[in-house]
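# Commentary on secondary and tertiary structure
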Amino acid sequence: MPRFRPVNRRKRFLAVCLVLIVLGAVGAGSAYLVKGGGLRKGSCQRVAYFPPSPLHAPVNVFNSTTQGGLAGQVKDQLQQRGFTIGTVGNDPYRRKIRGTGELRYDADNSDGLAQVNALRPWNLGMAPVPDPQHPKGPSVDFVIGDSFGGLYPTAKPLPGQVLPCVATTAPAAN
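This is a predicted model, so every value here is computed, not measured.

### Examining the sheet that holds strand β4 (residues 101–105)
Reading across the sheet, the 5 strands line up as β3-β2-β6-β4-β5 and stay open at both edges, with mixed pairing between neighbours. With one partner strand each, in any of the chains shown, β3 (84–90) and β5 (126–130) form the two edges of the open sheet. Direction aside, neighbouring strands of the sheet carry axes that sit 20° apart on average. Pairing of strand β2 (residues 58–63) with strand β6 (residues 140–144), which is carried by 5 bridges, proceeds in the parallel orientation. Bridging from a neighbouring strand, Asn63 pairs with Ile144 of β6.

Next comes the structure, spelled out in structure tokens:
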């Protein structure tokens, strides 16, 4: 029967420590590079976001909440942002919208969808809803729901929309 040499515990301990130190150094270095801390010749600056221009199609502002006068306030804010306003009043469907609201439009009209895309950056919680009962044409119904908190002061890009990056070079060190 073969006899094995006894294990040198000190050498085994040093080998395990060395492997752990190397792995820690590689992990810290990769985290530093991923977070943008090294190997950069220039930096990236995101361009300012400009929402799509509103069309001249009318936006009907409807209130489906119990708060009175909310549709009139939103109408004024939309006019300040360049939208053409149509009808203002209570929701003609008399539906209770628990979320932020809905943007109802004619699914067969591409101008209606373009107007929805111009409205959404002003409140990202508004859900686009193609409505088969919606009157034919490019008009859009801006229906305010219970969770509506108002329009944003500045437009925000849609979720998943990546803004282009402009490379800026760092000044050379003397």
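The rest of the description comes next.
### Thoughts on the pairing of β5
In terms of strand pairing, β4 meets β5 through 5 bridges, oriented parallel. Each residue of the ladder has a partner; that of Arg104, found in β5, is Val129. Handedness of the crossover is the feature at issue here: the chain leaves β4, passes through helix α3 (residues 110–119), returns alongside β5, and the resulting connection is right-handed.

### Overview of the pattern of salt bridges
Overall, the coordinates contain 7 salt bridges when judged by the stated rule. Between Asp91 and Arg104 there is a salt bridge, with the nearest N and O atoms lying 2.9 Å from each other. In this pair, Asp91 sits in the loop between β3 and β4 while Arg104 sits in strand β4, placing the two residues 13 residues apart along the sequence. Since its relative accessible area comes to 4%, Asp91 is described here as buried. By relative accessible area, which is 1% here, Arg104 ends up buried.

Cut-offs applied
- Along each chain, residues carry numbers from 1 onward, in the same order as the chain's sequence is written.
- Given that the model is predicted, a residue must reach a pLDDT of at least 70 before its local features are reported, and side-chain atom pairs must reach 80 or more before they are shown or counted; all residues, however, enter totals for whole chains, interfaces and linings.
- Side-chain metrics in this entry use all non-hydrogen atoms of the structure; hydrogen atoms and water are not considered.
- One bridge is not enough; two strands pair if DSSP finds at least two bridges between them.
- What counts as a helix is a DSSP run of H or I of at least four residues, what counts as a strand is a run of E of at least two, and both are numbered from the N terminus.
- Between N-to-C directions, angles span 0 to 180 degrees; the directions come from axes that are lines fitted to C-alpha atoms, helices contributing only their stretch in contact.
- Handedness of a crossover is defined as follows: with both strands directed away from the viewer, a clockwise route from the first strand across the helix to the second makes it right-handed.
- For this document, the term salt bridge refers to a Lys or Arg side-chain nitrogen within 4 Å of an Asp or Glu carboxyl oxygen.
- Here the term buried applies to any residue with accessible area under 20% of the maximum for its type, exposed to any over 50%, and partly exposed to those in between, with areas from a 1.4 Å probe on protein chains only.

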